[in-house]
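Structural features, examined
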Amino acid sequence: MNKKKTLSRRTFLKNTSAGLAGTATFSALAGTSVFCSPAGGAEVPAVLGGTPVRREPFPAWPVYDDTDVQMYLDAYHSKQWCRLGGTRADRFEKEFAGLMGVPWCAATSSGTTALNTSLNALGIGPGDEVIVPPYTFVATAGVVFQVFALAVFVDTDPETHQINADLIEERINEHTRAIMPVHLGGGAADMDKITALASKHGLPVIEDACQAWMGEWRHRKLGSIGGLGCFSFQASKNLNSGEGGAIISSNRELIELCASYTNNGRPAGQQRATLSGYPFPGSNHRMTEFQGAILLGQMRRLEEQTRLRTENAACLDRLLAEIPGISPVKTYPGQTRHAYHLYMLRYDKAHFNGLPKRKFARAMEAEGIPVRTGYEPLNKEGFIEYRLNSRAFRSVFSRERLESYRKGNRCPENDKICEETGLWLGQYVLLGTKKTWRTSPRR
Ligand SMILES: Cc1ncc(COP(=O)(O)O)c(C=O)c1O
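How each quantity is defined
- Residues numbered from 1 in each chain as written.
- Predicted model: local features only at pLDDT ≥ 70, side-chain atom pairs only at ≥ 80, totals over all residues.
- Heavy atoms only, no water.
- Salt bridge = Lys/Arg side-chain N within 4 Å of Asp/Glu carboxyl O.
- Buried < 20%, exposed > 50% of the residue type's maximum accessible area, 1.4 Å probe, protein only.
- Helix = DSSP H or I, 4+ residues; strand = E, 2+ residues; numbered from the N terminus.
- Near = heavy atom within 4 Å.
- Polar contact = N/O pair within 3.5 Å; in protein donor to acceptor, adjacent residues only side chain to side chain.
- Areas by Shrake-Rupley, 256 points an atom, 1.4 Å probe, with all protein chains shown as cover.
- Nonpolar A, V, L, I, M, F, W, Y, C, P; charged D, E, K, R; others polar.
- Pairing = 2+ DSSP bridges.
- Axes fitted to C-alpha atoms, helices over the stretch in contact; angles between N-to-C directions.
- Contact = heavy atoms within 4.5 Å.
- Phe/Tyr/Trp six-rings, centres within 6.5 Å; stacked < 30°, edge-to-face > 60°.
- pLDDT = per-residue confidence, 0-100.
- Core = buried A, V, L, I, M, F, W, Y, C linked by side-chain atoms within 4.5 Å.

Inspection of every chain in the model, using the stated rule, returns 25 salt bridges. Between Lys193 and Asp190 there is a salt bridge, with the nearest N and O atoms lying 4.0 Å from each other. Of the residues examined, Lys193 reaches a relative accessible area of 38% and is grouped as partly exposed. We classify Asp190 as buried; its relative accessible area is 9%. We note a salt bridge from Glu256 to Arg252, for which the minimum N-O separation is 3.0 Å. A residue pair is termed a helical-turn pair when its members lie 3 or 4 positions apart in one helix, as Glu256 and Arg252 do in helix 9 (residues 252–262) at four residues. On the basis of relative accessible area, Glu256 is assigned to the partly exposed category, the value being 35%. Through salt bridges that share partners, Asp65, Asp68, Arg300 and Arg301 make up one connected network.

Every one of the 16 residues lining the ligand counts as a neighbour, but Thr112, Asp208, Gln211, Ser232 and Lys237 are closest to it. With respect to the ligand, the side chain of Gln211 contributes an N or O atom lying 2.8 Å from an oxygen atom. Between the ligand and Lys237 there is a distance of 2.6 Å, counted from an oxygen atom to a side-chain nitrogen or oxygen. Calculation on the ligand without its partners gives an accessible area of 390 Å², and the protein chains cover 93% of this total. Here the residues of the shell around the ligand sort into five nonpolar, nine polar and two charged.

Strand order across the open sheet formed by three strands is 10-12-13, with antiparallel pairing between neighbours. On the outer flanks of this sheet lie strand 10 (326–328) and strand 13 (422–426), each paired with one strand and no other. For this sheet the average axis-to-axis angle between neighbouring strands, irrespective of direction, equals 30°. Sheet topology note: the strand 12 (residues 342–347)/strand 13 ladder contains five bridges and is antiparallel. Bridge pairing in strand 13 links Met344 to Trp424. On top of the sheet, helix 12 (residues 357–366) reaches strand 10, strand 12 and strand 13; it is set at about 25° to strand 13, its chief contact.

This part takes up the packing of aromatic side chains. The full count for this structure, using the stated rule, is 20 aromatic pairs. With a centroid separation of 5.5 Å and 50° between ring planes, the pair formed by Trp81 and Phe290 is classed as tilted. With Trp81 in the loop between helix 4 (66–78) and helix 5 (88–100) and Phe290 in helix 10 (residues 289–298), this residue pair connects regions lying 209 residues apart in the sequence. Ring pairs connect the aromatic residues Phe145, Phe148, Phe383, Phe393, Phe397 and Tyr405, which therefore count as one cluster.

This paragraph deals with the confidence of the model for the protein. For the protein, the mean per-residue pLDDT works out to 91, and 88% of the residues sit at or above 70. Here residues 1–7 scores under 50 on pLDDT; set against residues more than four positions off or in separate chains, the count is 11 contacts.

To continue, consider helix 10. Along helix 10, nine of the 10 residues are buried, which leaves the element largely enclosed by surrounding structure. Turning to helix 10, the residues buried within the fold contact helix 4, helix 5 and helix 11 (302–320).

In this structure, Phe92, Phe96, Ile168 and Phe233 are the most contacted members of the largest nonpolar core, which totals 77 residues. The greatest single-element share of this core, amounting to five residues, is contributed by helix 5. One finds Val53, Phe360, Leu425 and Val429 within the second-largest nonpolar core, a separate group that totals 22 residues.

Attention now moves to the side chain of Arg401. You can see Arg401 is positioned in helix 15 (residues 399–408). With a relative accessible area of 18%, Arg401 lands in the buried category. A distance of 2.9 Å separates a polar atom in the side chain of Arg401 from the backbone oxygen of Gly127. A distance of 3.0 Å separates the side chain of Arg401 from the side chain of Glu129, its partner in a polar contact. When residues no more than four places from it in sequence are discounted, the contact partners of Arg401 are Gly127, Asp128, Glu129, Leu150 and His175.

Okay, here's the thing in structure tokens:
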């Protein structure tokens, strides 16, 4: 008899610290919800050849219907594919601003260009510093280096996986020009502490809300609290147009500078393809009419999908509470609504006989549960040294300043999250129903 197959998921873990199974979480995900198999029990882990606990796929993403397709085709047939002269990107800006509870929105071609535009609108450039978290997508820091400024990484709060707001002040100096918190996974950074620090030091806050559509802090939409809030509509996002982005603000002057920047420096509101009259610096970060059409269609279901994710996340919270060693990350008390782009988890291998998180994730994947291992430390990525060693950075920054930047670039808590404790499930996992499903008879 194959010895491997006689091992139960639980015995396997008991017997080996280098094993590949994830018993406890498997049990946690078993039960009565969309995540669950009613069978449960002690079987051979799928990673060792057993039957996966779940074989049904999670809901497909994106979601669309005939109306979405028609809206897209209408844009096509209008022959107005660029927003200059079009109506759809304009309409999207108005509707998105309304949804976010702010007067102004400037659409962009992506979340990255929304962040880049914001930095340019604020005049942030060579020699400046911007405070950012290290547990985020590369663009958050990449855009800062792109304007020949230094992204100063502030360590992550291990309880929430958000920037640790208590560590921000010690990184503020005479070169700091902005604080750029990320509302990671749709959870909120601690906006009470961040806005207090920003006003104390006279700094603008650019909220990277690229994962936080519909999330709220004290009943205000994430992205609407700082001076500028940036969103992404890239394909994996809860609001998806393949690529796309937006900046929101309550400050008319700032949003006009943003709108101008996205349109090669034409005056804000100038939506004709002029060949002169560029009073401002700019680039082409315009949203297309196709993106506008897709977003107008997709926005129709954003509220309902957000509600469903929240409901399913609450169910998963309850189930995980029974399992020592794996738990959802906490949120700050000021967060009144979560956007659930990611369902972020803290993993403690001590409760899994020392099983490293990457092996745990592999075992979960084999069981049909798409657990991801999350970000790698952004502050250690190769592009940073590449930038620091570039001719441009060496002419803008003194050798001493670059050395001091390198020395200060340490985020030990973040390293631990990336290496040992941080896991997540993607937003589409939370879009299922709570019907109990059955796997076929087990081997
Ligand atoms: C936190 C964060 N910031 C910025 C971006 C960049 O957005 P985009 O991919 O639309 O350029 C993303 C996208 O993944 C993100 O998650």
